[in-house]
Amino acid sequence: MTAEAKPASPPLTERQEARRGRILHASAQLASRGGFEAVQMREVAEAAGVALGTLYRYFPSKIHLLVATMQDQLQHMHGTLRKRPPVGDDAAQRVADTLMRAFRALQREPHLADAMVRALTFADRSVSPEVDTVSRLTTAIILDSMGLEHPTPEQLSAVRVIEHTWHSALITWLSGRASIAQVKIDIETVCRLIDVTTPRDTS
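In this convention, every chain numbers its residues from 1, walking through the sequence in written order. Selection of residues for local features in this predicted model requires a pLDDT of at least 70, selection of side-chain atom pairs for listing and counting requires 80 or more, and totals for whole chains, interfaces and linings are taken over all residues. Heavy atoms from the whole structure form the basis of all side-chain values; hydrogens and water molecules are not counted.

Asks: Please provide a residue-by-residue account of the pattern of salt bridges, values included.
Replies: Salt bridges, as used here, are contacts in which a Lys or Arg side-chain nitrogen is within 4 Å of a carboxyl oxygen on Asp or Glu. Taken as a whole and judged by the stated rule, the model has 5 salt bridges. Arginine 118 serves as the salt-bridge partner of glutamate 37, at 3.9 Å between the closest nitrogen and oxygen. Placement of glutamate 37 in the loop between α1 (14–34) and α2 (41–48) and of arginine 118 in helix α6 (residues 110–122) is noted, with a sequence separation of 81 residues between them. Taking the relative accessible area as the measure of exposure, glutamate 37 reaches 53% and is therefore exposed. Runs of H or I in DSSP of at least four residues are treated as helices and runs of E of at least two as strands, each being numbered from the N terminus. To sort residues, take the accessible area from a 1.4 Å probe on protein chains only and compare it with the maximum for the residue type: under 20% means buried, over 50% means exposed, and anything in between is partly exposed.

Asks: Would you mind going over the packing of helix α5 (residues 91–107) against helix α8 (residues 153–174) in detail, with residue names and values included?
Replies: α8 packs onto α5 with a crossing angle of 30 degrees between their chain directions and a minimal axis gap of 12 Å. By the angle between their directions, the pair α5 and α8 is classed as roughly parallel. The element α5 and its partner α8 pack so that their crossing is right-handed. The residues of α8 that touch α5, namely those facing Val95, Leu99, Ala102, Phe103, Leu106 and Gln107, are Ile162, Trp166, Ala169, Leu170 and Trp173. Under the scheme applied here, ten amino acids are nonpolar (Ala, Val, Leu, Ile, Met, Phe, Trp, Tyr, Cys and Pro), four are charged (Asp, Glu, Lys and Arg), and all others, including Gly, are polar. Of the residues in the contact of α5 with α8, the class split is 10 nonpolar, 1 polar and no charged. Lines fitted to C-alpha atoms define the axes here, with helix axes fitted over just the stretch in contact, and angles between the N-to-C directions of these axes take values from 0 to 180 degrees. Put simply, angles under 35 degrees are roughly parallel, angles over 145 are roughly antiparallel, angles from 65 to 115 are roughly perpendicular, and the rest are oblique. Helix crossings fall into two classes, left-handed where the near helix is turned counterclockwise from the far one by less than a right angle and right-handed where it is turned clockwise. Note on contacts: a residue pair is in contact if any heavy atoms of the two residues lie within 4.5 Å.

What follows is the structure in structure tokens.
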């Protein structure tokens, strides 16, 4: 264990999980109504029915809370995608379909999307574990869409580039610098990397 490494936290009890779920729900509701600025820790605590000190024990800052909110949203999205798998004749089409479905889900809640993306952008090193979890979830969603359990290093590199493009496309759309049509073209274009990095059957 390095000097900066922290011991793993004990798993939450059922009651603690329920409390955490209420906090994340309250965070998402407030963000949906008013974006990043609307998520104030005191208001979140009141809406979730917990003491302010309790909230800070779960989430040391608003950035931690909103990144965890994005993690929670992605977990729900992942579950939905597993129930209704993406369509497409090949892996690139399926990934593009998956990411556009995720994008449209965020499009329905633009204030929430903006709050979560801002939190990811502002996150410093103290939020690294939460940001890493968001990245792992995004990777898992893409790999599920590809139908891959054991990707090659080249395929994982392609997935990372696809993740970066999706995140960048979300930022440009939220800032009004890209239309949904432009986002779709960018996502479909970068997903072609999957074809480029997929090993060819030489048998």
